[in-house]
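Structure at a glance
Chain by chain, the residues:
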Amino acid sequence: MALLQIEGLKVAVAGKEILRGIDLELVPGQVHAIMGPNGSGKSTLAYAIAGREGYEVTGGRALLDGTDLLELEPEERARAGLFLAFQYPVEIAGVGGVTFLKTAYNALRKERGESELDAMQFLKLVRAKATALGVGDDMLKRAVNSGFSGGEKKRFEILQMALLEPRVAVLDETDSGLDIDALKVVAGGVNALRSPTRSMLVITHYQRLLDYIVPDVIHVMAAGRIVRSGGKELALELESTGYAAHAGAPA
Amino acid sequence: MAGVPRTQIPELDRAYKYGFVTEIDEDRAPPGLSEDIVRFISAKKGEPEWLTEWRLAAYRHWLKMTVPHWARVNYPPVDFQDITYYSAPKAGQGPKSLDEVDPQLLATYEKLGVPLHERAILAGVAVDAVFDSVSVATTYKARLEQDGIIFCSMSEAVKRCPDLVRRYLGSVVPPGDNFYAALNSAVFTDGSFVFIPKGVRCPMELSTYFRINAAKTGQFERTLIIAEAGAVVSYLEGCTAPKRDENQLHAAVVELIALDEAEIKYSTVQNWYPGDENGKGGIYNFVTKRGACRGRRSKIMWTQVETGSAITWKYPSCILEGEGSVGEFYSVAVTNHAQQADTGTKMIHIGRDTRSRIVSKGISAGRADNTYRGLVRVGTLADRARNHTQCDSLLIGDRCGAHTVPYIESKNASARIEHEATTSKIGEDQLFYCRQRGLKPEDAVALIVNGFCREVLQTLPMEFAVEAQKLLGVSLEGSVG
């Protein structure tokens, strides 16, 4: 059975239809990539699945292991195992990184009926995960995403993902704003989290990211629809031909 | 459901958990105010004649004064003849030890989380508990007396050390200072008195816990803290009241005096009943707090976390007389539903090389209005005086208001005064980010607000910082869905 199943999803923003019927099926362990030009609806798909206000679902379903995500509040979707790595991670002034991570982590533990970790236990855990992503103590002490460079923000996103161990992760343009070294670190972090029980949806504009996170399936999105799907070789083809051939193409 | 409007989500108002009433026999004065009532209060407390006269002078002055209207708060006129000015639990005046305290009262404080049995108290905090008009218990007195520290109720201080009281009472806030200070001077009932002798560093936190219980009763406490040269003390006050439909008046006066190199840190966690969501009931908190840095290099630091009261009108201030003295004011004021707060500080620079720092964090939700009003005044002799003011407002929702009214007056060209102000809204993007990580909206708001207030909360003693953080979360419940 699919871990993430999207059927005929239609989404409008401010009354304007952006997604015009999306179908996707990710079985456990699979990584799918969604590529497409700016404005094709890639980020709208990510936000709609995660339940952001203002993204009005006008049709279709989105199931996580059989649970209809669209019936749930955003935090309930997160607790059901959905994680969204943001394209633009949000700053929260005055809230220390560790405090933020611990609050989120313990909220999930509580949901699962597990005991919350105390400060020392948690610090040990977070340090182990952070080291692998090159996130130092200094960054953990600073306020969430405040004064972080683009690369630091993305590493902090992946650290959250490593900590929260979602069942389905949606990575929205995780490569944007990264130089090649930062890209390798982030991709390494993502690859380390690939698992037979987890599915990932990688949204990107550029083929470059897919050199480092190699997907099982690639979809091309244009004007709110998936216009083509194929194996990883599709990325290379797009690299040479561009999106122009697909823009505005009928489904 | 994603589409449900935020205001309909039902986590509302677990909020005010201190709203219970204690059934206890009270000794009450008839309602209303007159010279007879002033004499009655003074007689009840067995006061010396000079104090009775002092009260009467204040009362006569008050009669000529008018209610101040310059604050940005709205409320119907208060009928001062409808208030009871004295209400005390029966069973006599001033228990000699905890064993004599009515068990019902002890139980009340247990319920409030303020245990009065010394052995049960958090290590290192001495407590004075004031119930309506009288102090019911003061803990750790004997231990403090070993260091020459006097920590007792004001009534007791009048008897024990009348000279100190007479010398300092009204020396920082004169009886005719303002309408509510004059009223307080006439009818004040109890409050705490602290005296730290020369060179003594107070070995524990001192704390007073104020509780209004009786209906239609005002609380008018008077606190006086004196730190002699080189003395250091940290003092905390907490306050709660039952839920009642009528508004109750709380008009306190607090005076601090710091001599050479003395340091006084005064922290308040104010959680008076704020009224219901529609603005019915709640405490009118009209308080005058002022500290005088009389000595050289003395320091006074005010920290306040104001979450309660229907209306807060309060400007803890510092008069920086001593050369090189320092005044600091850290404030978090939260208003939700129909609450109104007009609060801030005054830093009066008189001596040379005086410094002051103001950090104010105002949070407004619901239909509430929150105003920061602050005065920085530098006198002609205050060479090289420095002030830094930082004033941040956070809005939750789009029906609340935040206002900043800074007054700056400088008569000395060498002074340096800086004022920074920001206003922000809790963004939909911040909330969504937190919720995507599994936090409920109210937990997300609490987290964001605590981050916003961190600079101020850090100045509170540890246990109270934790308490204050929780309180902020609870006060803002229901502000977002």
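**A few points about the sheet that holds strand E9 (residues 168-172) of chain A**
Two strands in a sheet stick together by hydrogen bonds in their backbones, pointing the same way (parallel) or opposite ways (antiparallel). Residues and elements named next belong to chain A. Within the open sheet, the six strands sit side by side as E6-E9-E10-E3-E11-E12. Their pairing is mixed. Lying at the two open borders of the sheet, with one neighbouring strand each, are strand E6 (82-85) and strand E12 (225-230). Each neighbouring strand pair of the sheet contributes to a mean axis angle of 20°, computed without reference to strand direction. Across the sheet, helix H6 (residues 150-164) is in contact with E6, E9 and strand E10 (199-204); its angle to E6 comes to roughly 170°.

**Regarding the sheet that holds strand E5 (residues 67-68) of chain A**
All names here are of chain A. Strand order in this open sheet of four strands is E2-E1-E4-E5, and the pairing throughout is antiparallel. Two strands in the sheet have a free side with no partner beyond their single neighbour: strand E2 (16-26) and E5. Pairing between strand E4 (residues 55-64) and E5: two bridges, direction antiparallel. Note on E5: the bridge partner recorded for Leu-63 is Asp-68. Here helix H1 (residues 42-50) sits on the sheet in contact with strand E1 (4-13), E2 and E4, set at roughly 105° to E1.

**Some details on the pairing of strand E15 (residues 311-314) of chain B**
All names here are of chain B. Residues Ile-311 and Trp-313 point to one face of E15 and Thr-312 and Lys-314 to the other, with burial holding for every one of them. Pairing of strand E13 (residues 282-293) with E15 involves four bridges; the strand directions are parallel. Residue pairing for E15: Asn-285 is matched across the bridge by Thr-312. Sheet topology places E15 next to strand E18 (residues 340-349); four bridges connect them, and they run parallel. When the bridges of E18 are listed, Lys-314 appears paired with Thr-343.

**Overview of the confidence of the model for chain A**
Regions with low pLDDT should not have their predicted coordinates read in detail. Across chain A, the average pLDDT comes to 91, with 98% of residues at 70 or higher. At the low end of the mean pLDDT range in chain A sits helix H9 (residues 233-241) of chain A, at 82; at the high end sits E6 of chain A, at 97.

Cut-offs used in this document
Residues numbered from 1 in each chain as written. Chains lettered and ligands numbered in written order. Predicted model: local features only at pLDDT ≥ 70, side-chain atom pairs only at ≥ 80, totals over all residues. Heavy atoms only, no water. Pairing = 2+ DSSP bridges. Helix = DSSP H or I, 4+ residues; strand = E, 2+ residues; numbered from the N terminus. Axes fitted to C-alpha atoms, helices over the stretch in contact; angles between N-to-C directions. Contact = heavy atoms within 4.5 Å. Buried < 20%, exposed > 50% of the residue type's maximum accessible area, 1.4 Å probe, protein only. pLDDT = per-residue confidence, 0-100.

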